[in-house]
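# Results of the structural survey
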Amino acid sequence: MGMFAVFGNPIQHSKSPSIHQMFAKQTGIDLEYQKILAPVEDFEAYLSDFFEKGGQGANITLPFKERAFQFVSELTERAQTCGAVNTIRKLDNHRLLGDNTDGAGLLLDLQRLGFVSPSSKILVIGAGGATRGALLPLLEYGCDITLTNRTFIKAESLAHQFSVLGKIQSRPMEQLISAEFDLIINGTSSGVAGEIPKISPELFSQQTACYDMFYQRGLTPFLSFAKQHQVNKLADGLGMLVGQAAFAFKLWHGVIPEIEPVLKELKKELE
Ligand code: ATR
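Fair warning: this is a prediction, and the values are worked out from it, not measured in the lab. (Residues numbered from 1 in each chain as written. Predicted model: local features only at pLDDT ≥ 70, side-chain atom pairs only at ≥ 80, totals over all residues. Heavy atoms only, no water.)

### Section: the packing of aromatic side chains
- Going through the model one piece at a time under the given rule, you end up with eight aromatic pairs.
- Ring centres of Phe7 and Phe50 lie 5.5 Å apart, and the angle between their planes is 75 degrees; this geometry places the pair in the edge-to-face category. You can see Phe7 sitting in strand 1 (residues 2–8) and its partner Phe50 sitting in helix 2 (residues 43–52), a full 43 residues away along the chain.
- On the basis of relative accessible area, Phe7 is assigned to the buried category, the value being 0%.
- Taken together, Phe7, Phe43, Phe50, Phe51 and Phe64 form an aromatic cluster joined through their ring pairs. (Phe/Tyr/Trp six-rings, centres within 6.5 Å; stacked < 30°, edge-to-face > 60°. Helix = DSSP H or I, 4+ residues; strand = E, 2+ residues; numbered from the N terminus. Buried < 20%, exposed > 50% of the residue type's maximum accessible area, 1.4 Å probe, protein only.)

Set out below in structure tokens:
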């Protein structure tokens, strides 16, 4: 039986073990999947130990994605582009391949929701690790992305860095005052503190879709704000979580599982 695990700190509330067990059941693959709380100072030692003891694959979550990027011996193009690794696969030659499935998971969820097409004009709010991990698949799909951030210079620099990969530009938040975007994605961590980015409600219309990479029980602060301003196409990051797991599953087992039944189950657990 294959041995898999998710590494993070904290890790107690990780849904990855139950998501991967649901995928395993769906596809008839037998696997063991544990949660490993790695001490901040010893992450690399814990990871090495796991693979030496026969581990075949790992997911990496906060705060270790950049350290996993440094640790692995090979990288997929998308991991290389975003500078962070959320999935590791042990190769036949015992080398470790680092991938990043966050952006692909987001795109899969947006497609499932009908929130995106190759001609979509998208506003992405935030310029931290979550945004960096999400951009490449959206750009490759053809979307036209505008980046904004509380600290504008970070959006400017991220947009500049990704500009060779597709249509992307940055604009200061205070200059965004009309409903010109098909989709607005909140990639900030503001929801963790119960806050919302200071965006103008003029950005919203009944045609606008809003997606929050964050999720919680009930609507996130950003989605509540959008709902108050006539948006009814709303979704949180639970689907992205299942989507990134689906692409990790594909990297390890060669099949992409269905996300809808798993998402339904997780939603029930959150109620
Ligand atoms: P993550 O890995 O979750 O992206 P991060 O790299 O620390 O975390 O980035 C956090 C992002 O959320 C940043 O874009 C940050 O904006 P700043 O660059 O201005 O700090 C954004 N953010 C966090 N709290 C916010 C808030 N209350 N309002 C607006 N943006 C916020």
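Text resumes after the structure shown.
### Details of the sheet that holds strand 1
- In space, the six strands of this open sheet follow the order 2-1-3-5-6-4, with mixed pairing throughout. Across the chains shown, the open sheet's two edge strands, defined by having one partner strand only, are strand 2 (31–37) and strand 4 (74–75).
- Each of strand 1, strand 2, strand 3 (57–60), strand 5 (87–90) and strand 6 (96–99) touches helix 9 (residues 238–253); the most contacted strand, strand 5, lies at about 10 degrees to it. (Pairing = 2+ DSSP bridges. Contact = heavy atoms within 4.5 Å. Axes fitted to C-alpha atoms, helices over the stretch in contact; angles between N-to-C directions.)

### What to know about the UniProt feature "domain: SDH C-terminal" (unreviewed entry) in the chain
- As recorded in UniProt, the feature "domain: SDH C-terminal" (unreviewed entry) lies at residues 237–267.
- The straight-line gap between the two end C-alpha atoms of residues 237–267 is 11 Å; of that span, 77% is helix and 0% is strand. (UniProt positions renumbered as here; feature names shortened; annotations may be inferred.)

### Considerations on the pairing of strand 8 (residues 144–148)
- The buried fraction of strand 8 amounts to four of the five residues, a majority that puts the element mostly inside the structure.
- Relative to strand 8, strand 7 (residues 121–125) runs parallel, the two being bridged by five bridges. Of the residues in strand 8, the one forming a bridge with Val124 is Leu147.
- Following the backbone out of strand 7, through helix 6 (residues 129–141) and into the adjacent parallel strand 8, one traces a crossover that is right-handed. (Right-handed = clockwise from strand over helix to strand, strands pointing away.)

### A short note on the side chain of Asn59
- Mapped onto the fold, Asn59 is located in strand 3.
- When its relative accessible area of 4% is taken as the criterion, Asn59 is described as buried.
- At 3.2 Å, the side chain of Asn59 and the backbone oxygen of Asn86 are in polar contact.
- Beyond its immediate sequence surroundings of up to four residues, Asn59 is in contact with Ala5, Val6, Phe7, His20, Tyr33, Asn86, Thr87, Gln244, Ala248 and Trp252. (Polar contact = N/O pair within 3.5 Å; in protein donor to acceptor, adjacent residues only side chain to side chain.)

### Focus on the packing of helix 5 (residues 102–113) against helix 6
- At a minimum axis separation of 6 Å, helix 5 and helix 6 run at an interaxial angle of 55 degrees. Put simply, helix 5 runs oblique to helix 6. Along this stretch, helix 5 crosses helix 6, giving a crossing that reads as right-handed. Between helix 5, through Asp102, Gly103, Ala104, Leu106, Leu107, Leu110 and Gln111, and helix 6, the contact on the second element is made entirely by Gly133, Ala134, Pro137, Leu138 and Tyr141.
- Split into classes, the residues belonging to the contact of helix 5 with helix 6 amount to eight nonpolar, three polar and one charged. (Parallel < 35°, antiparallel > 145°, perpendicular 65-115°, else oblique. Left-handed = near helix turned anticlockwise from the far one by under 90°. Nonpolar A, V, L, I, M, F, W, Y, C, P; charged D, E, K, R; others polar.)

### What about the sheet that holds strand 10 (residues 183–186)?
- The six strands are arranged 9-8-7-10-11-12 in an open sheet whose pairing can be described as parallel. Each having just a single partner strand, strand 9 (167–170) and strand 12 (233–236) make up the two edges of the open sheet. Ignoring strand direction, the axes of neighbouring strands in this sheet form an average angle of 20 degrees.
- Pairing analysis gives four bridges linking strand 11 (residues 209–212) to strand 12, with the strands arranged parallel.

### Notes on the site of the ligand
- Near the ligand, the surroundings consist of 14 residues, among which Asn149, Arg150, Thr151, Lys154 and Glu195 are the closest.
- Its free accessible area being 650 Å², the ligand has 73% of it covered by the protein chains.
- Residue composition of the shell around the ligand, grouped by class: three nonpolar, eight polar and three charged. (Near = heavy atom within 4 Å. Areas by Shrake-Rupley, 256 points an atom, 1.4 Å probe, with all protein chains shown as cover.)

### Details of helix 8 (residues 221–228)
- Of all the residues in helix 8, the buried ones are Pro221, Phe222, Leu223, Phe225 and Ala226.
- Where helix 8 is buried, its residues touch strand 7, strand 10, strand 11 and strand 12.
- Looking one or two residues past helix 8, Gln230 carries a phi angle of roughly 70 degrees, positive in sign.

### Section: the pattern of salt bridges
- Across all of its chains, the model carries ten salt bridges by this definition.
- Glu180 is the salt-bridge partner of Lys121, the closest N and O atoms lying 4.0 Å from each other. Note that Lys121 is positioned in strand 7 and Glu180 in the loop between strand 9 and strand 10, a separation of 59 residues in sequence.
- What makes Lys121 partly exposed here is its relative accessible area of 32%.
- For Glu180, a relative accessible area of 24% puts it in the partly exposed group.
- Among the salt bridges present, the one from Glu265 reaches Lys268, with a minimum N-O distance of 3.5 Å. Taken together, the residues span about one helical turn, with Glu265 and Lys268 both in helix 10 (residues 260–270) at a distance of three residues.
- Here the salt bridges share partners, and the residues they tie into one network are Asp109, Arg112 and Glu260. (Salt bridge = Lys/Arg side-chain N within 4 Å of Asp/Glu carboxyl O.)

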